[in-house]
Amino acid sequence: MAVRKKKKKGKSSLFILGALIFSLLAYAGVLFQDQLFDPDPTPASTSAKPWYKEHVKKPELIRAPDAPLLLAATEAEIDDTITELTPKQPLKTKQTPAPQPRLANVDISSKPTPPAQAVFYEEALPNDVYAPVIAIAEQPSKPANNVTTQQPAALSSFEPRWMKYAVKMTPAINKPMIALVIDDLGLDRKRTAQTLALKGPLTMAFIPYAKNLNKQTTAAKANGHELLVHLPMEPLNKKIDAGPNHLHTHLAHEDLLDRIHWNLERFEGYVGVNNHMGSLATTDPEVMSALMTELRKREMLFLDSRTNPKSIATDLAGKEGVPFAVRNVFLDNVNEKGAVLKQLSLLEKVARRSGFAVGIGHPRDGTIAALKEWLPSIERNGFSLVPISQIVLHNQGLS
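Residues numbered from 1 in each chain as written. Predicted model: local features only at pLDDT ≥ 70, side-chain atom pairs only at ≥ 80, totals over all residues. Heavy atoms only, no water.

1. Some details on the overall build of the protein
- In terms of regular secondary structure, the protein is built from twelve helices and eleven strands.
- Within the protein, the proportion of its 399 residues that are buried is 48%.
- Here the protein displays about 20,500 Å² of accessible surface, and carbon together with sulfur accounts for 57% of that area. (Helix = DSSP H or I, 4+ residues; strand = E, 2+ residues; numbered from the N terminus. Buried < 20%, exposed > 50% of the residue type's maximum accessible area, 1.4 Å probe, protein only. Areas by Shrake-Rupley, 256 points an atom, 1.4 Å probe, with all protein chains shown as cover.)

Okay, here's the thing in structure tokens:
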């Protein structure tokens, strides 16, 4: 009997010792979690290579839940004189890929949760954020240079069309650049006008089938903003209508070109194109190849809104020689001022780490209110507000 008691006592001691060790490890993990899991290393020197040249592995892709974005029929001011282009060739039949499953184990505590009944007005969008791994060293603030209409003398003789239409400015030295793109402009003229009145330079992406485009885009340029064509493209969700003359994967090449030409000729003075919806079209080689070939001919840039993380748009843009940029943060999946300000803080974090960031928002009440508060402080907070053309110049090593 004595032997059995000793064995039981020995097992109990081992159990208590194991529990004690586990508790100490858990306590140490909580105590030093910042040091152990902080993705930001010691700030790199100004001579360090950019993160995308320093690391072969792609940066982590973080997703928040999708939010349906739909415009109320009473608010959409679509040009009723537009006629849908009739395909000249038979439509192609294709198997529609199933939507990709979202990550279920991502910590989204720092991001706003969309309400049960959203009142947004575009496609359901994944909130992808590129999280680069090298921090940019903090530099003393210098006064930002003002926007000017003068073109750089060294580039004036050979600059492509997108550079001729770009807002001319010199970003502040040693300040991370932030480009804000406002999509879906033109349909809701009241909120479009409120957006155009914001401090710039912002990048304004106008829907090609909106009313009075020439008047609205002229006002945008007069207020110092840069222009994009917000080109409608086929989404994965077949219940969502991308609008008249959108690009879709069932069109023959000839009909794709007809629609590309129609959309790109609705107004003038823009630097390039970004996709409206397009979570299916931007994964299709035929659609993207046709678009990039045309953008190359017209000397225009492309901004990938990244409505699908499997987009091949920038791959084909690079092969075709089309200058491009990629969206980092969606600002307003939740139409509330506080939620948008949270996303703007996230955009600042990305900009500090990589030296630049691109945010996309929409002409919505929460977004406009947040930008009115945030924009006046951007320079003193250590950032340089730029149009999308400056991000493209940076990516090409020309800034």
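Okay, back to it.
2. As for the pattern of salt bridges
- Throughout the structure, instances matching the rule amount to twelve salt bridges.
- Between lysine 88 and aspartate 258 there is a salt bridge whose closest N-O contact spans 3.1 Å. With lysine 88 in the loop between β1 (60-62) and β2 (129-131) and aspartate 258 in helix α7 (residues 253-264), this residue pair connects regions lying 170 residues apart in the sequence.
- Its relative accessible area of 53% is what places lysine 88 among the exposed residues. (Salt bridge = Lys/Arg side-chain N within 4 Å of Asp/Glu carboxyl O.)

3. Some words on the packing of aromatic side chains
- By the definition in use, this model includes two aromatic pairs.
- With a centroid separation of 6.2 Å and an interplanar angle of 70°, the aromatic rings of phenylalanine 206 and phenylalanine 267 are classed as edge-to-face. Pair noted here: phenylalanine 206 is in strand β4 (residues 203-206) and phenylalanine 267 is in the loop between α7 and β6 (272-277), with a separation of 61 residues, a long-range link. Comparing phenylalanine 206 with phenylalanine 267 shows no difference in burial state: the two are buried.
- Seen from their ring centres, phenylalanine 267 and tyrosine 270 are 5.4 Å apart, and the 70° between their planes marks the pair as edge-to-face. (Phe/Tyr/Trp six-rings, centres within 6.5 Å; stacked < 30°, edge-to-face > 60°.)

4. Some words on the side chain of serine 389
- Checked against the element boundaries, serine 389 lands in helix α12 (residues 388-395).
- Setting aside residues up to four positions removed in sequence, serine 389 forms contacts with Trp162, Ala166, Val167, Glu226 and Leu301. (Contact = heavy atoms within 4.5 Å.)

5. Remarks on the side chain of asparagine 308
- Tracing the backbone shows asparagine 308 in the loop between β7 (301-304) and α9 (313-320).
- Exposure remark for asparagine 308: the relative accessible area of 7% places this residue in the buried category.
- A polar side-chain atom of asparagine 308 sits 2.8 Å from the main-chain carbonyl oxygen of serine 279.
- Of note is the side chain of asparagine 308, whose polar atom sits 2.9 Å from the backbone nitrogen of lysine 310. (Polar contact = N/O pair within 3.5 Å; in protein donor to acceptor, adjacent residues only side chain to side chain.)

6. Brief notes about the packing of helix α5 (residues 189-196) against helix α6 (residues 213-222)
- At a minimum axis separation of 10 Å, α5 and α6 run at an interaxial angle of 15°. Accordingly, the angle class assigned to the pair α5 and α6 is roughly parallel. Judged by the sense of rotation from one axis to the other, the crossing of α5 with α6 is right-handed. Taken together, the residues of α6 that come into contact with α5 (itself represented by Arg189, Thr192 and Leu196) are Gln216, Ala219 and Ala220.
- Here the residues of the contact of α5 with α6 are counted per class, giving three nonpolar, two polar and one charged. (Axes fitted to C-alpha atoms, helices over the stretch in contact; angles between N-to-C directions. Parallel < 35°, antiparallel > 145°, perpendicular 65-115°, else oblique. Left-handed = near helix turned anticlockwise from the far one by under 90°. Nonpolar A, V, L, I, M, F, W, Y, C, P; charged D, E, K, R; others polar.)

7. Observations concerning the packing of helix α8 (residues 285-298) against α9
- Interaxial distance between α8 and α9 falls to 9 Å at its minimum, and their mutual angle equals 40°. Taken together, the axis directions place α8 and α9 in an arrangement best described as oblique. Here α8 and α9 pass one another in a crossing that is right-handed. Residues Pro285, Met288, Ser289, Met292, Thr293 and Arg296 of α8 form the contact with α9, whose participating residues are Ala313, Leu316, Ala317 and Glu320.

8. Side note on the nonpolar core
- Membership of the largest hydrophobic core comes to 80 residues, with the highest contact counts inside it found for Leu180 and Met292.
- With seven residues, strand β3 (residues 177-185) is the single largest residue contributor to this core.
- Setting aside its immediate chain neighbours within four residues, methionine 292 contacts Phe302, Ala313, Leu316, Ala317, Glu320 and Val322. (Core = buried A, V, L, I, M, F, W, Y, C linked by side-chain atoms within 4.5 Å.)

9. Here we look at the environment of phenylalanine 356
- By the secondary structure assignment, phenylalanine 356 is in strand β10 (residues 356-361).
- Taking the C-alpha atoms as reference points, phenylalanine 356 and serine 384, 28 residues apart in sequence, are found 9.1 Å from one another.

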